[in-house]
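Here are the chains, one letter per residue:
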Amino acid sequence: LFENEPVIITHQDAGEFNYTYEDNQNFKLILTLEVYQKTCGLSITYNDCIVFAGDFINVTRIKKADKHSMVIFVENEEKVRVKFSKQVGIELL
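Small disclaimer: the values here were computed from a predicted structure and weren't measured.

Draft legend 1. Examining the pairing of strand 2 (residues 16–22) more closely. Across 7 bridges, strand 2 lies against strand 3 (residues 27–34) in antiparallel orientation. Bridging from a neighbouring strand, Tyr21 pairs with Leu29 of strand 3. Count of turn residues in the strand 2/strand 3 antiparallel hairpin: 4 residues, of which Asn26 carries a positive phi of about 70 degrees.

In structure tokens, the structure reads:
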């Protein structure tokens, strides 16, 4: 969904990664993962202005839900759907 490899924040063994996605309407999605701490940061900007920012703790899974979305699970429950179609969007579940 992100179309690019992640950027390693410190070093690969630390398990800290940034993923970015930009659509053609100037929306940018940034997903920051800290694998060993089980945390996830998610933000959306529009023309470099923050539209949404959230931090999630006890992330147990992130999976591709369908062709244009992914779901973030917190404590094994679906909590966030990230949409990649038409424009980037976040749905809190």
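Once the structure has been displayed, the description carries forward.
Draft legend 2. Broad picture of the sheet that holds strand 8 (residues 77–83). The strand order across the open sheet formed by 4 strands is 6-7-8-9, and the pairing between neighbours is antiparallel. Among the strands making up the open sheet, the edge pair consists of strand 6 (59–66) and strand 9 (89–92). Geometrically, the sheet is characterised by an average inter-axis angle of 20 degrees between neighbouring strands, direction not taken into account.

Draft legend 3. Molecular detail of the nonpolar core. Grouped together as the largest cluster of nonpolar side chains are 17 residues, with contacts concentrated most on Leu29, Leu31, Cys40, Leu42, Phe56, Ile72 and Val82. Going through the elements one at a time, strand 3, strand 4 (39–46), strand 7 (69–74) and strand 8 are the ones with two or more residues in this core. Per-element tally for this core: the top contributor is strand 3, with 4 residues. Sequence-distant contacts of Cys40, that is, excluding residues within four places in its chain, are made with Leu31, Thr32, Leu33, Gly54, Asp55, Phe56, Val59 and Ile72.

About the thresholds
- Residues numbered from 1 in each chain as written.
- Predicted model: local features only at pLDDT ≥ 70, side-chain atom pairs only at ≥ 80, totals over all residues.
- Heavy atoms only, no water.
- Pairing = 2+ DSSP bridges.
- Helix = DSSP H or I, 4+ residues; strand = E, 2+ residues; numbered from the N terminus.
- Axes fitted to C-alpha atoms, helices over the stretch in contact; angles between N-to-C directions.
- Core = buried A, V, L, I, M, F, W, Y, C linked by side-chain atoms within 4.5 Å.
- Buried < 20%, exposed > 50% of the residue type's maximum accessible area, 1.4 Å probe, protein only.
- Contact = heavy atoms within 4.5 Å.

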